[in-house]
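Structural description and commentary
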Amino acid sequence: MTEPVLELRDVPPRAVHLLEQAGVHPLLARLFAARGVRAAEELDDGLGRLLPPATLRGSAEAATLLADAVEAGRRICIVADYDCDGATACAVALRGLRMLGAAPDSLCYVVPDRAVHGYGLSPTIVDLARPLRPDLLVTVDNGIASLTGVAHARQLGIDVLVTDHHLPAVEAGQVLLPEANVIVNPSQPGCGFESKSLAGVGVMFYVLLALRAELRTRGRFDLKTQPKLDALLDLVALGTVADVVKLDANNRRLVSQGLKRIRAGRMQPGLSALFSAAARDPLRASAFDFGFALGPRVNAAGRLADMTLGIECLLTDDPARARELAQQLDAINRERREVEAGMREQAEHLLVQLAPEGEETDSPAAVALYDPDFHEGVVGIVAGRLKERLHRPTFVFARGQDGLLKGSGRSIPGFHLRDALDLVSKRAPGLLLKFGGHAMAAGCTLAEADFPRFAELLVAVAEEQLDAAALQRRLPVDGPLPPQWFDAATVQELESQVWGQAFDAPLFCDEVQVVAQRLVGERHLKLRLKLHGVLRDAIWFNHVTPLPDTARLAYRVRLDVWQGQQRLQMEVQAQA
């Protein structure tokens, strides 16, 4: 991998001054200002600062539909998705509806099998739900592009409420929406909700807020006696971070409130069990834990097994049952890692064929890979890893049970992946049997014989849209970490904040002297560095190339706790 260009973030002095005047820690003021925060009010994570549900188009109509169904005792079936966002959204929906008065025996759910059913509310999934005798289907984290599935349900006399956050289908420049009774999606035309980055679980949480308000107007309870839906925010936080949506101010509030509950020991038994299975301390919970420990374990069920395992783990109130399910998810995640490692090794062999000289500068502007042994459930992860290493839009395909190739893609800034697929489909009508997604992640289906043509067209589109500057990986950094803030208290303050997509965790950079270095675990470089005249421990994971005597490094600072002792450690991310 070629080293990235380290780019110092712009830090508006006025914003820093205003934040410091409001009492924000000087280092945090600088970091927040560099990430677009202009006033301390934006950092207020109180629930009262959440965007009002009434501004989310369709939420009032959804509340009426659900309130009528709850009061009439109609059977409500949640149609989930097979990733962590879909699983948490399903659990939030079922737990929330019970809290708001739905009879437990009137609630049920179905979740597609990735390999068998594919994504979304298809006619097959409607038929899968029919034996449960649903009067109302509620999609979570899917449905906005399920035109035929929604139509099939309506023909059978089943009402449909779509809650989703993905982009709707577009045909001949026209947005196509399913004929559902109600649609709630911040990405639908005409929705004025300020946060277009709600995850699927966030959309469902907002629908429950609207339902509670509707039931309040009907006299079911008042402000003092109404159910406290904030009890669901641990699940909302997990799904939001795991789905890698933009952490705008509203999403940061949702995540922050969820983290506060977890750190206080108030969480669903399933989350507690997942923290234990991942050997993470919930008292020090962070968004990092959601993204790299809990989320992957829930996601593993949908990738290699059955997402019912993940949903049941999040639904159960029995701690023993939660522990059993979390251990199963942990075992599946270990298997997922092994499958992924094998696929990445094979992908590297395929990449050599794309660039025979072995020079990554000769890599095409986009990459599409396929091998008959690739696993459909892991193609998205592998595409993401390769995209990070190569800094190229990357698609990875596997053969599905129906014999068709199912591809998952990840992109880089400046290349809208779904729009690129749309352009490919226009240049080769019929090539893509199905496609969808958004700017940075998308998927498609095609015949195996058409893979070479797809790869050729994807590269052509990328060459037209991406210049040399766009193909150079750039890493925004926050400059040096002042020595006076290189301490445990400051690092704890940093770790307590909500960082994530589009609100990146601090990444400092500085010139260091390399005092000692050695390999540990055959894959990681253990370092002893001199920084500002002080010796510091550091590690560079998955890096084996020795460093020169002096180097400019980009690094994060972590607080390591070992046998009750705290120690600071630099985690190197890149070398200039």
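Residues numbered from 1 in each chain as written. Predicted model: local features only at pLDDT ≥ 70, side-chain atom pairs only at ≥ 80, totals over all residues. Heavy atoms only, no water.

1. A look at the overall build of the chain
Here is the rule we go by: In DSSP terms, a helix is any run of H or I states spanning at least four residues, a strand is any run of E spanning at least two, and both are numbered starting from the N terminus. For the radius of gyration, the atom set is restricted to C-alpha positions; the globular benchmark scales as 2.2 Å times the number of residues to the power 0.38. The buried label goes to any residue with under 20% of its type's maximum accessible area, the exposed label to any with over 50%, and the partly exposed label to all in between, with areas taken from a 1.4 Å probe on protein chains only. The criterion used for residue contact is that any of the two residues' heavy atoms lie within 4.5 Å. Throughout, the Shrake-Rupley method with a 1.4 Å probe supplies accessible areas, and for residues the shown protein chains are the sole cover considered. Charged-residue counts in this description rest on Lys and Arg as positive and Asp and Glu as negative, His and the chain ends being excluded. Each charge is placed at NZ for Lys, CZ for Arg, CG for Asp and CD for Glu.
Each helix and strand counted, the chain has 18 helices and 19 strands in total. Relative to the compact-globule value of 25 Å for 576 residues, the chain shows a C-alpha radius of gyration of 24 Å, a close match. Taking the principal axes of its C-alpha atoms as reference, the chain extends roughly 75 × 60 × 45 Å. Buried positions account for 54% of the 576 residues belonging to the chain. Here the analysis covers contacts within the chain between residues at least 6 apart in sequence; of these, 66% occur between residues at least 24 apart. For the chain, the accessible surface area stands at approximately 24500 Å², while carbon and sulfur atoms represent 50% of it. Positive and negative side-chain charges of the chain, numbering 63 and 72 respectively, have mean locations separated by a distance of 5 Å.

2. Focus: the sheet that holds strand β15 (residues 508-520)
The strands making up a sheet are joined through hydrogen bonds of the backbone, oriented either antiparallel or parallel. Quick reminder of the rule: At least two DSSP bridges between two strands are needed for those strands to be called paired. Angles run from 0 to 180 degrees between N-to-C directions of axes, and those axes are lines fitted to C-alpha atoms, restricted for helices to the stretch in contact.
Ordered by their spatial adjacency, five strands build a closed barrel running β15-β16-β17-β19-β18, and the pairing between neighbours is mixed. If you compare each strand with its neighbour and ignore which way they point, the axes differ by 45° on average. Pairing between strand β17 (residues 534-540) and strand β19 (residues 565-575): two bridges, direction parallel. Of the residues in β19, the one forming a bridge with isoleucine 539 is glutamate 571.

3. Considering the pairing of β17
By the bridge criterion, seven bridges tie strand β16 (residues 524-531) to β17 in an arrangement that is antiparallel. Across the sheet, residue leucine 527 finds its bridge partner in β17, namely alanine 538. In textbook terms, the turn of a hairpin is the stretch between consecutive antiparallel strands, and for β16 and β17 this stretch comprises two residues, one of which, histidine 532, has a positive phi near 55°.

4. Observations concerning the packing of aromatic side chains
Just so we agree on the cut-off: Between the rings of Phe, Tyr and Trp (Trp by its six-membered ring), a pair exists once the centres lie within 6.5 Å; its type follows the angle of the planes, with under 30 degrees stacked, over 60 edge-to-face, and the other angles tilted. Only when the NZ of Lys or the CZ of Arg is both within 6 Å of the ring centre and within 35 degrees of the ring normal is a charge said to sit over the ring.
For the coordinates displayed, the defined rule picks out twelve aromatic pairs. A ring pair is formed by phenylalanine 32 and tryptophan 499, whose centres lie 5.8 Å apart and whose planes are at 35°; its orientation type is tilted. A residue pair is termed long-range when its members are at least 10 positions apart, and phenylalanine 32 in helix α2 (residues 26-34) and tryptophan 499 in the loop between α18 (488-495) and β15 qualify at 467 residues. Ring centres of tryptophan 499 and phenylalanine 503 lie 5.6 Å apart, and the angle between their planes is 20°; this geometry places the pair in the stacked category. Per residue, the accessibility class of tryptophan 499 equals that of phenylalanine 503, and both read buried. Taken together through their ring pairs, the aromatic side chains of Tyr370, Phe395, Phe397, Phe451 and Phe454 make up a single cluster. Here the basic side chain of arginine 252 rests over the ring of phenylalanine 503, its NZ or CZ set 4.0 Å away from the ring centre.

5. With respect to the pairing of strand β10 (residues 394-399)
Definition in use: Crossovers are described as right-handed under a simple rule: with the strands pointing away from the observer, the path leading from the first strand over the helix to the second runs clockwise.
In terms of burial, β10 is a largely internal element, five of the six residues being buried. For strand β9 (residues 367-370) and β10, the ladder comprises four bridges, and the chain directions are parallel. When the sheet's bridge partners are listed, leucine 369 is paired in β10 with valine 396. For the handedness criterion, the β-α-β arrangement of β9, helix α15 (residues 379-390) and β10 is classed as right-handed. Pairing of β10 with strand β11 (residues 405-410) involves six bridges; the strand directions are antiparallel. Bridge pairing in β11 places threonine 394 opposite arginine 410. The loop that links β10 with its antiparallel partner β11 comprises five residues; one of these, glycine 403, has a positive phi angle of about 90°.

6. Side note on helix α4 (residues 84-99)
Threshold: Under the convention used throughout, the expected extent of a helix is 1.5 Å for every residue step, that is, one less than its residue count.
Here α4 contains 16 residues, and its C-alpha end-to-end distance of 22 Å stays within 8% of the 22 Å for a straight helix at 1.5 Å per residue. Of all 16 residues making up α4, 14 are buried, and the element is well covered by its neighbours. Following α4 by one or two positions, glycine 101 adopts a phi angle in the positive range, close to 110°.

7. Quick look at the sheet that holds strand β8 (residues 182-184)
With parallel pairing, the five strands of this open sheet are ordered in space as β3-β2-β4-β5-β8. One side of each edge strand has no neighbouring strand; the edge strands of this open sheet are β3 (107-110) and β8. Each neighbouring strand pair of the sheet contributes to a mean axis angle of 20°, computed without reference to strand direction. Relative to strand β5 (residues 159-163), strand β4 (residues 136-140) runs parallel, the two sharing five bridges. Within β5, the residue paired with leucine 136 across the bridge is aspartate 159. Relative to β8, helix α3 (residues 59-72) is tilted by about 125°, and along the sheet it contacts β2 (76-79), β4, β5 and β8.

8. Structural notes on the packing of α4 against helix α9 (residues 233-242)
Worth spelling out the cut-off: Angle categories: roughly parallel below 35 degrees, roughly antiparallel above 145, roughly perpendicular from 65 to 115, and oblique for all the rest. For a crossing to be left-handed, the near helix must be turned anticlockwise from the far one by less than a right angle; the clockwise case is right-handed. Each residue is assigned to one class: nonpolar for Ala, Val, Leu, Ile, Met, Phe, Trp, Tyr, Cys and Pro, charged for Asp, Glu, Lys and Arg, and polar for all the others, Gly among them.
Axis separation between α4 and α9 bottoms out at 8 Å; the angle between their running directions is 160°. Looking at the two axes, α4 sits roughly antiparallel to α9. Classified by chirality, the crossing of α9 by α4 is left-handed. Residues Cys84, Asp85, Thr88, Ala91, Val92 and Arg95 of α4 form the contact with α9, whose own contacting residues are Leu235, Val236, Leu238, Gly239 and Ala242. Taken together, the residues that form the contact of α4 with α9 break down as seven nonpolar, two polar and two charged.

9. Comments concerning the environment of alanine 468
The residue alanine 468 is located in the loop between α17 (451-465) and β14 (474-477) in this model. Judged by relative accessible area, which is 68%, alanine 468 ranks as exposed. Residues alanine 468 and proline 189, spaced 279 residues apart in sequence, show a C-alpha to C-alpha distance of 35 Å.

10. So, the environment of cysteine 444
If you trace the backbone, cysteine 444 turns up in strand β13 (residues 441-446). Taking relative accessible area as the criterion, cysteine 444 reaches 4% and is therefore assigned buried. As for cysteine 444 and arginine 280, which are separated by 164 residues in sequence, their C-alpha atoms are 36 Å apart. Sequence-distant contacts of cysteine 444, defined by excluding residues within four places in its chain, comprise Phe395, Phe397, Leu405, Lys406, Gly407, Leu421, Leu432, Lys434, Phe435 and Phe454.

11. Some words on unusual backbone geometry
It is generally the case that most residues other than glycine have a negative phi and that most peptide bonds are trans. Residue aspartate 141 is not a glycine yet carries a positive backbone phi of 65°. Within the secondary structure, aspartate 141 sits in the loop between β4 and α7 (147-155). In this structure, glutamate 522 takes a positive phi of about 65° despite not being glycine. With respect to the helices and strands, the residue glutamate 522 is situated in the loop between β15 and β16.

12. Quick notes on α15
With twelve residues, α15 extends 16 Å between its outermost C-alpha atoms, agreeing within 8% with the 16 Å of an ideal straight helix rising 1.5 Å per residue. Counting buried positions along α15 yields nine of twelve residues, so the element is predominantly enclosed. Listing the buried residues of α15 in full gives Val379, Gly380, Ile381, Val382, Ala383, Gly384, Leu386, Lys387 and Leu390. Check the buried side of α15 and you find it contacts α12 (287-304), α14 (319-354), β9, β10 and β11.

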